[in-house]
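# Structural overview for review
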Amino acid sequence: MKRMYLFIILFIPLLLTAQNDSEINKANEMMHKASLQFLVHKNYNEALTLYEQASDLYRKHGEKNNRKYLEAIRGIADCHEKMNNDSNAIKYYRILLKRADAWQSDYACLKLGRLYHKTGNIDAAISAYEEGIYIY
């Protein structure tokens, strides 16, 4: 009986890790498909759906600050920007700005500056550009 408990105690983490790896691999696959839809086919709605599904899988498995999760957030923001959903694009670039490394943050500041300028919010645009310079 003790052996059975020991087996269960040792086997369950392996099972959970395998499931986690499988879902992370699925999210990575979605990211690849999303980038093809975005860059090659210019199908921003399909790309957005795939980026959102991938980000949900990364978040579900505790990958919120993982580089792949942040790439999915950037993809979501880029899709919204291409579809002229400026408020959603701004929302996701701001998320990226809070969690990302210097390169991603600099990218987010550039995009935010352009979006704020486009919407006529010049003070926010200047602030975003200055924040990007500070981060850089």
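Quick note: structure is the one above.
The structure contained in this document is the topic of the report that follows.

Definitions and cut-offs
Each chain carries its own residue numbering, running from 1 in the direction its sequence is written. Reporting of local features is limited, given that this is a predicted model, to residues whose pLDDT is at least 70; pairs of side-chain atoms are given and counted only at 80 or more, and all residues count toward the totals for whole chains, interfaces and linings. Hydrogen atoms and water are omitted, and side-chain values are computed over all heavy atoms in the structure. By definition, a salt bridge exists where a carboxyl oxygen of Asp or Glu is found within 4 Å of a side-chain nitrogen of Lys or Arg. Secondary structure elements follow DSSP: runs of H or I no shorter than four residues count as helices, runs of E no shorter than two count as strands, and numbering proceeds from the N terminus. Accessibility here uses a 1.4 Å probe with only protein chains present; expressed as a share of the type maximum, an area under 20% marks a residue as buried, one over 50% as exposed, and anything in between as partly exposed. With a 1 Å grid laid over protein atoms only, a set of points is called a cavity when a 1.4 Å probe fits there but cannot get out and a pocket when it is open yet has protein on both sides within 12 Å along at least five of seven lines; lining residues have an atom within 4 Å of a point. Grid points are joined across faces, edges and corners, and a volume is the space filled by probe spheres set on the points. All residues other than Ala, Val, Leu, Ile, Met, Phe, Trp, Tyr, Cys, Pro, Asp, Glu, Lys and Arg, Gly among them, are scored as polar; the first ten of these are nonpolar and the last four charged.

## Remarks on the pattern of salt bridges
According to the stated counting rule, one finds seven salt bridges in the structure shown. Where E23 meets K60, a salt bridge forms, and the shortest distance between an N and an O atom there is 3.3 Å. Highlighted residues: E23 in helix α1 (residues 2–39) and K60 in helix α2 (residues 44–60), separated in sequence by 37 residues. A relative accessible area of 16% places E23 in the buried class. Judged by relative accessible area, K60 falls into the exposed class, the value being 55%. The salt bridge partner of E81 is K111, with a shortest N-O separation of 3.1 Å. Of this pair, E81 sits in helix α3 (residues 67–82) while K111 sits in helix α5 (residues 102–118), and the two are 30 residues apart along the sequence.

## Re the layout of surface pockets
Approximately 180 Å³ is the volume attributed to the largest pocket. Lining the largest pocket are M31, S35, F38, L39, Y51, E71, R74, G75 and D78. Of all the elements in the fold, those that place two or more residues in the lining of the largest pocket are α1 and α3. For the lining of the largest pocket, the per-class residue count stands at four nonpolar, two polar and three charged.

All quantities given are derived from atomic positions and should not be read as evidence of function.
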